[in-house]
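Here is how the chains run, residue by residue.
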Amino acid sequence: MPQTAIIRRITMALAALTISAGAFATHRIIEIPAPTPGADMTGTIRQALTDAGAVKDGKVTVVFQPGAVYNISRSAATALVRHVSNTTTRGENPDPTKHFGLWLHGMKNVTVDGRGATLLTHGEMTAIGIDSCTNVTVTNLNIDAADPSVPEMRVVSRTDSTLTTRVVPPSRYSINPQGKLYWEGEGWQFTGGIAQLWGNGYTLRCPSPMDRYRYA
């Protein structure tokens, strides 16, 4: 074989090796540490996402610890003015600020892999917000609420004038001295409003039937 052909073949092999090595080097893994029991992990997760967004020349995978529970709070969440329809009127809530536990903005080629971990929200908030991103994936991540703002109760029995119910955990409530029931959580409380009734295979949305009762 001519010497020039041998040199050309060696050069092509080295070029292929360089491309392969370069592609491998641009896939960065950012690992979120295991949560301390009871600790607010919002800031730690935010820093990991900030680091992922700063990578502009390759792929990034942000990974959680498998099966771990990460507490995130409204008080430490990313607060942004976002006008979202079908929530409340201007009179009911004049402040359009929304709170995001995980805020992904302006990212490219980023995968957030929960590996079976759970985000446990505390306070009224949106767990994940994605804005102005390209090729971003969130996978294998569970979302749960310590104080769900859509609480649930089960009707145990009823008569013409009474209703006996059982509150489904982790929904929380209080009853004021006048016998009025209030649903509540971290930094929020409400009574009345719209309810969703389920039973016998149907779902009915209507004004809360609980408004007609007083509680003992």
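Relevant structure appears above.
What you see is a predicted model; the values in this text were computed from it and never measured. (Residues numbered from 1 in each chain as written. Predicted model: local features only at pLDDT ≥ 70, side-chain atom pairs only at ≥ 80, totals over all residues. Heavy atoms only, no water.)

Caption draft 1: Inspection of the packing of aromatic side chains at higher detail. Following the criterion strictly, the structure yields four aromatic pairs and no others. With a centroid separation of 4.8 Å and an interplanar angle of 45°, the aromatic rings of Phe100 and Trp103 are classed as tilted. Here the aromatic rings of Trp188 and Phe190 are separated by 5.8 Å at their centres, their planes lie at 20°, and the arrangement is stacked. (Phe/Tyr/Trp six-rings, centres within 6.5 Å; stacked < 30°, edge-to-face > 60°.)

Caption draft 2: Molecular detail of the pairing of strand S3 (residues 69-73). Of all five residues making up S3, four are buried, and the element is well covered by its neighbours. Relative to strand S6 (residues 108-122), S3 is paired through five bridges, and the arrangement is parallel. Looking at the pairing, Ser73 lines up with His122 of S6. (Buried < 20%, exposed > 50% of the residue type's maximum accessible area, 1.4 Å probe, protein only. Helix = DSSP H or I, 4+ residues; strand = E, 2+ residues; numbered from the N terminus. Pairing = 2+ DSSP bridges.)

Caption draft 3: Structural context of unusual backbone geometry. Geometrically, the link from Pro169 to Pro170 is a cis peptide bond, its omega value of 5° lying close to zero. Here Pro170 shows up in the loop between strand S10 (163-167) and strand S11 (172-175). Even without being a glycine, Arg115 presents a positive backbone phi close to 50°. By the element assignment, Arg115 lies in strand S6. Even without glycine at this site, Asn140 takes up a positive phi of about 55°. Note on placement: Asn140 falls in strand S8 (residues 134-145). Since its relative accessible area comes to 46%, Asn140 is described here as partly exposed.

Caption draft 4: How the structure looks around the side chain of Gln65. Tracing the chain through its elements places Gln65 in the loop between strand S2 (59-63) and S3. For Gln65, the side chain forms a polar contact with the side chain of Glu31, separated by 2.8 Å. Apart from the residues within four sequence positions on either side, Gln65 is in contact with Glu31, Ile32, Pro33, Ala34, Tyr70, Gly114, Arg115 and Ala117. (Polar contact = N/O pair within 3.5 Å; in protein donor to acceptor, adjacent residues only side chain to side chain. Contact = heavy atoms within 4.5 Å.)

Caption draft 5: Broad picture of the sheet that holds strand S7 (residues 126-131). In space, the three strands of this open sheet follow the order S4-S5-S7, with mixed pairing throughout. Of all the strands in the sheet, just strand S4 (78-81) and S7 have a single pairing partner and so form its edges. Taken pair by pair, the neighbouring strands of this sheet meet at an average axis angle of 65°, ignoring direction. With four bridges connecting them, S4 and strand S5 (residues 97-105) associate as antiparallel partners. Bridge pairing in S5 links Leu80 to Lys98. In the packing of helix H2 (residues 42-53) onto the sheet, the strands contacted are S4 and S5, and the crossing angle to S5 comes to about 45°. (Axes fitted to C-alpha atoms, helices over the stretch in contact; angles between N-to-C directions.)

Caption draft 6: Structural view of the sheet that holds S11. Across the sheet, which stays open at both edges, the three strands sit in the order S11-S12-S13 with antiparallel pairing between neighbours. Of all the strands in the sheet, just S11 and strand S13 (188-190) have a single pairing partner and so form its edges. With strand direction ignored, the average angle separating the axes of adjacent strands in the sheet is 30°. Relative to strand S12 (residues 181-185), S11 is paired through four bridges, and the arrangement is antiparallel. Looking across to S12, one finds that Arg172 is bridged to Glu184.

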